[in-house]
Amino acid sequence: MQNHQKERLYKILVIGDLGVGKTSIIKRYVHQTYSTNYRATIGVDFALKVLNWDSETVRLQLWDIAGQERFGNMTRVYYREAMGAFIVFDVTRPTTFEAVSKWKEDLDSKLTLANGKSIPTVLLANKCDQSRDILTNNGLKIDQFCQENGFAGWFETSAKENININEASNFLVKHIIASE
Ligand code: GDP
Ligand code: MG
């Protein structure tokens, strides 16, 4: 018997500075949990999220980093075969937003799709349950920033309050499927 179903397994990177909420976003998305202390164990962690997508099954393999964030870059091997990425910053800490373009450059310089394009990437402005000063002062500029830096789009998220995480992921998956 032939299997007509296309296998959709996507490696998704979650990158950004230390403490922006990468692990919290993944835990919220995959395990529906939230805690105030996820230990920054050194290494790489994976979590699998299975989605029903137009009568197909989409598996998202979310790659979390722990401990290497302080170097501000990752190895080519780590990025290898990723199909999409979230770059996360913390709306209460401007320096984490300043680091976003550095993360994007690192990613784009080490990984491109077969067609030469960079992988679909979505910017997450996390901790939007807290002070949103960065956004209210730069709100309009973030759209422009995304265009100029090759982001598919951006979302305000909160892992704590479970805001926009599913939406951001669906948006990314749509862009991944369109890029295939
Ligand atoms: P990581 O280093 O990027 O993996 O960040 P963590 O997920 O470990 O989060 C760092 C800290 O920020 C933890 O104390 C979290 O509880 C907190 N945090 C993460 N996401 C949110 C959020 O959406 N809102 C608030 N208020 N705190 C958050
Ligand atoms: Mg972490």
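Look up: the structure comes first, before these words.
Just so it is clear, the model here is predicted, and its values are computed rather than measured. (Residues numbered from 1 in each chain as written. Chains lettered and ligands numbered in written order. Predicted model: local features only at pLDDT ≥ 70, side-chain atom pairs only at ≥ 80, totals over all residues. Heavy atoms only, no water.)

Caption draft 1: Focus on the nonpolar core. If you look at the biggest cluster of nonpolar residues, it comprises 53 residues, and the most contacted ones within it are Leu-13, Tyr-79, Phe-86, Phe-89 and Leu-123. Excluding its chain neighbours within four sequence positions, the residues that come into contact with Phe-86 are Ile-12, Leu-13, Val-14, Ile-15, Leu-62, Val-122, Leu-124, Ala-168, Ser-169 and Leu-172. (Core = buried A, V, L, I, M, F, W, Y, C linked by side-chain atoms within 4.5 Å. Buried < 20%, exposed > 50% of the residue type's maximum accessible area, 1.4 Å probe, protein only. Contact = heavy atoms within 4.5 Å.)

Caption draft 2: Examining the environment of Phe-155 more closely. Within the secondary structure layout, Phe-155 lies in strand β6 (residues 153-157). Separated by 29 residues in the primary sequence, Phe-155 and Asn-126 place their C-alpha atoms 8.2 Å from one another. (Helix = DSSP H or I, 4+ residues; strand = E, 2+ residues; numbered from the N terminus.)

Caption draft 3: The arrangement of the side chain of Asp-90 in detail. Among the structural elements, Asp-90 can be located in strand β4 (residues 84-90). Asp-90 sits in the buried class, given a relative accessible area of 2%. At 3.1 Å, the side chain of Asp-90 forms a polar contact with the side chain of Lys-127. Once residues within four sequence positions are removed from consideration, Asp-90 is found in contact with Gly-19, Val-20, Thr-96, Asn-126, Lys-127 and Ile-134. (Polar contact = N/O pair within 3.5 Å; in protein donor to acceptor, adjacent residues only side chain to side chain.)

Caption draft 4: A look at the packing of aromatic side chains. According to the stated counting rule, one finds seven aromatic pairs in the structure shown. Among the aromatic residues, ring-to-ring pairing joins Phe-46, Trp-63, Tyr-78 and Tyr-79 into one connected group. Here the guanidinium or amino end of Lys-11 rests over the ring plane of Trp-63, the centre of that ring lying 3.6 Å away. Above the ring of Tyr-29, the side-chain terminus of Lys-49 is found at 4.5 Å from the ring centroid. (Phe/Tyr/Trp six-rings, centres within 6.5 Å; stacked < 30°, edge-to-face > 60°. Lys NZ or Arg CZ within 6 Å of the ring centre and 35° of its normal.)

Caption draft 5: Molecular detail of a nonpolar patch on the surface. Taken together, Leu-9, Leu-48 and Val-50 make up a surface patch of nonpolar side chains, about 260 Å² in accessible area. Following the sequence through the fold, Val-50 ends up in strand β2 (residues 43-53). Residue classification places Val-50 among the partly exposed positions, given a relative accessible area of 47%. (Patch = residues over 30% accessible without salt bridge, like charges linked within 9 Å, V, L, I, M, F, W, Y side chains within 5 Å. Areas by Shrake-Rupley, 256 points an atom, 1.4 Å probe, with all protein chains shown as cover. Salt bridge = Lys/Arg side-chain N within 4 Å of Asp/Glu carboxyl O.)

Caption draft 6: Representation of the pattern of salt bridges within the structure. Counted by the stated rule, this structure contains seven salt bridges. A salt bridge links Asp-90 to Arg-93, with the nearest nitrogen and oxygen atoms 3.2 Å apart. The salt bridge partner of Lys-104 is Asp-108, with a shortest N-O separation of 2.7 Å. Of this pair, Lys-104 and Asp-108 both sit in helix α4 (residues 100-110), four residues apart, roughly one helical turn. With relative accessibility at 25%, the residue Asp-108 sits in the partly exposed group. Members of the salt-bridge network, linked through shared partners, are Arg-8, Glu-56 and Glu-180.

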